[in-house]
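Residue strings, one per chain:
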Amino acid sequence: MSIRVRAPATSANLGPGFDCAGMALELWNELEVSEAESTLVEVEGEGVSETPRDANHLGLRAFALVADVEGKHFRFLNRIPFARGLGSSSATIALGLVAACLWEGVDLDPAELLPLAARLESHADNLAACLYGGATLSWEEEGLWHARRVADSLPLAPIAVIPEHSVETIVARAGLPGTVAHADAAFSGGRAALLGAGLASGDTDLLTAAFHDRLHEPYRSLAAPILSQLQEKPARGSVGVTLSGSGPTVIVWGRHEETSACAEELTRRFSDCRVLAMPVAAAGAGVF
Ligand code: HSE
């Protein structure tokens, strides 16, 4: 028996939707699981040197929540840059969970997979987008994570500017303040409302107005200097810029008709970064 699954990259927060909003992107990690005499883990692509090759691998820990990892060969193909704010850990968790469900013949939908996945990651914004696809909103209630997919696609083109250096989410979260000023909370709460409405309705003006945050981006901009550079001097054809998750990747929101010109300018200006124009992925993690 052999199964193959894939899981998309994701961008979380989308500005003011901290720990809530996310979107799936057309960049996929893959996992093939087959029978073997003992447990084998192979990893190819991004993050090869940083990944354990035993049961401590995040994908195997996720698999083990549903099925036994013993006597199986796990082959991971990683395309999502590691520790750059593009949801590589969520994708790895989703791969393990979805593969285990298929292996066991258990039919779990994203709403059932999300609370399981959230046992391995403390915030579910990336996980929700990865499992559902499209754009999602997630929230925690009495210790359980819930999510809704609010859009299959968006009226703007996300272009990721991915620096060479990595940022660990745990470190980025530790740098956030314990309290914020009422004015900043009010500003971000209002922009988050615009974001939810803009995602659900596909209204470009609402989204453009929404892409501003005072809850987390200002505290993370030191580790992601391209964010303020792009806020001060926007790229041609772009309507906004958001930090992707905890960074350091930045998402430049381009008008669809100007995506190529925008990506070309970004490539010129940030020659030490990878620039990837990635459409929103309508599908979430699953077989392919
Ligand atoms: N919402 C999380 C954060 C996403 O901003 O810390 C981390 O990828």
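Since this is a predicted model, take the numbers as computed values, not measurements.

**Some words on the overall build of the protein chain**
No. 1: Counting secondary structure elements, the protein chain contains ten helices and eleven strands.
No. 2: A globule of 288 residues ought to have a C-alpha radius of gyration of about 19 Å, and the protein chain, at 18 Å, matches this closely.
No. 3: The buried share of the protein chain, reckoned over its 288 residues, is 52%.
No. 4: When the accessible area of the protein chain is evaluated, it comes to approximately 12300 Å², of which 51% is carbon and sulfur surface.
No. 5: Distance between charge centroids for the protein chain: 5 Å, based on 21 positive and 36 negative side chains.

**Concerning the domain arrangement of the protein chain**
No. 1: Domain annotation of the protein chain identifies domain 1 (2-152 + 282-287) and domain 2 (156-277).
No. 2: Using C-alpha coordinates to define each centre, domain 1 is positioned 23 Å away from domain 2.
No. 3: In this complex, domain 1 contributes 26 residues to the contact, which on the side of domain 2 involves 36 residues.
No. 4: Summed over both partners, the interface of domain 1 with domain 2 buries about 2100 Å², with 62% contributed by carbon and sulfur atoms.
No. 5: Interface area lost by domain 1 to domain 2 is led by Pro 16, Phe 18 and Arg 84, which between them contribute 32%.
No. 6: Inspection of the domain 1/domain 2 interface yields two salt bridges.
No. 7: Between Glu 46 and Arg 274 there is a salt bridge, with the nearest N and O atoms lying 3.1 Å from each other.
No. 8: When contributions to the side of domain 1 that touches domain 2 are tallied by element, the ones reaching two or more residues are strand S1 (2-12), strand S2 (21-35), strand S5 (135-141) and strand S6 (144-151).
No. 9: Examining the composition of the side of domain 1 that touches domain 2, we find that four residues originate from one element, S2, more than from any other.
No. 10: Counted by class, the side of domain 1 that touches domain 2 contains 16 nonpolar, seven polar and three charged residues.

**What about the sheet that holds strand S10 (residues 274-277)?**
No. 1: Ordered by their spatial adjacency, four strands build an open sheet running S8-S9-S7-S10, and the pairing between neighbours is antiparallel. The two strands at the open ends of the sheet, each matched to only one other strand, are strand S8 (238-243) and S10. Pairs of neighbouring strands in the sheet enclose a mean axial angle of 20°, with direction left out of account.
No. 2: Helix H9 (residues 225-232) rests against strand S7 (156-162), S8 and strand S9 (250-255) of the sheet, and its axis sits at about 160° to S8.
No. 3: Across the sheet, helix H10 (residues 259-269) lies against S7, S8, S9 and S10, angled at about 15° from S7, the strand it touches most.

**Here we look at H9**
No. 1: Every buried residue of H9 is accounted for by Ile 226, Leu 227 and Leu 230. End-on, the buried residues of H9 take up no more than an arc of 110°, which puts them together on one face.

**Focus: the environment of Val 150**
No. 1: On the secondary structure map, Val 150 appears in strand S6.
No. 2: Taking the C-alpha atoms as reference, Val 150 lies 9.7 Å from Gly 202; in sequence the two are 52 residues apart.

**With respect to unusual backbone geometry**
No. 1: With omega at 5°, the peptide bond leading from Gly 247 into Pro 248 counts as cis.
No. 2: Mapped onto the fold, Pro 248 is located in the loop between S8 and S9.
No. 3: Despite not being glycine, Leu 14 shows a phi value in the positive range, around 50°.
No. 4: Inspection of the secondary structure puts Leu 14 in the loop between S1 and S2.
No. 5: One non-glycine residue, Glu 142, lies in the positive phi region at around 45°.
No. 6: Topologically, Glu 142 is positioned in the loop between S5 and S6.

**Notes on the site of the ligand**
No. 1: Close contacts around the ligand come from Asn 13, Phe 18, Asp 19, His 123, Asp 125, Asn 126, Thr 169, Arg 173, Arg 220, Gly 245 and Ser 246, and that covers them all.
No. 2: Asn 13 is positioned with one of its side-chain polar atoms (N or O) 2.8 Å from an oxygen atom of the ligand.
No. 3: Contact distances for the ligand include 2.6 Å between a nitrogen atom and a side-chain N or O atom of Asp 125.
No. 4: Out of a free accessible area of 260 Å², the ligand has 97% covered by protein chains.
No. 5: Comparing atom positions with the cavity grids shows the ligand to sit within the largest pocket.
No. 6: At the level of secondary structure, the elements contributing two or more residues to the shell around the ligand comprise helix H4 (125-132) and helix H5 (169-174).
No. 7: Residue composition of the shell around the ligand, grouped by class: one nonpolar, six polar and four charged.

**Focus: the packing of helix H3 (residues 110-117) against H4**
No. 1: At a minimum axis distance of 10 Å, the contact between H3 and H4 shows a crossing angle of 145°. Every pair of crossing elements has a handedness; the one defined by H3 and H4 is right-handed. Facing Pro 110, Ala 111, Leu 113, Leu 114 and Ala 117 of H3, the residues of H4 in contact are Leu 127, Ala 128, Leu 131 and Tyr 132.
No. 2: Tallied by class, the residues present in the contact of H3 with H4 amount to nine nonpolar, no polar and no charged.

Calculation notes
Residues numbered from 1 in each chain as written. Predicted model: local features only at pLDDT ≥ 70, side-chain atom pairs only at ≥ 80, totals over all residues. Heavy atoms only, no water. Helix = DSSP H or I, 4+ residues; strand = E, 2+ residues; numbered from the N terminus. Rg over C-alpha atoms; globule rule 2.2 N^0.38 Å. Buried < 20%, exposed > 50% of the residue type's maximum accessible area, 1.4 Å probe, protein only. Areas by Shrake-Rupley, 256 points an atom, 1.4 Å probe, with all protein chains shown as cover. Lys, Arg positive; Asp, Glu negative; His and termini not counted. Charge placed at Lys NZ, Arg CZ, Asp CG, Glu CD. Domains from an automatic or database assignment. Contact = heavy atoms within 4.5 Å. Buried area = accessible area lost by both parts, 1.4 Å probe. Salt bridge = Lys/Arg side-chain N within 4 Å of Asp/Glu carboxyl O. Nonpolar A, V, L, I, M, F, W, Y, C, P; charged D, E, K, R; others polar. Pairing = 2+ DSSP bridges. Axes fitted to C-alpha atoms, helices over the stretch in contact; angles between N-to-C directions. Arc of directions from axis to C-beta. Near = heavy atom within 4 Å. Polar contact = N/O pair within 3.5 Å; in protein donor to acceptor, adjacent residues only side chain to side chain. 1 Å grid on protein atoms, 1.4 Å probe; cavity = no way out; pocket = protein on both sides within 12 Å on 5 of 7 lines; lining within 4 Å. Sits in = over half its atoms within 2 Å of the grid points. Left-handed = near helix turned anticlockwise from the far one by under 90°.

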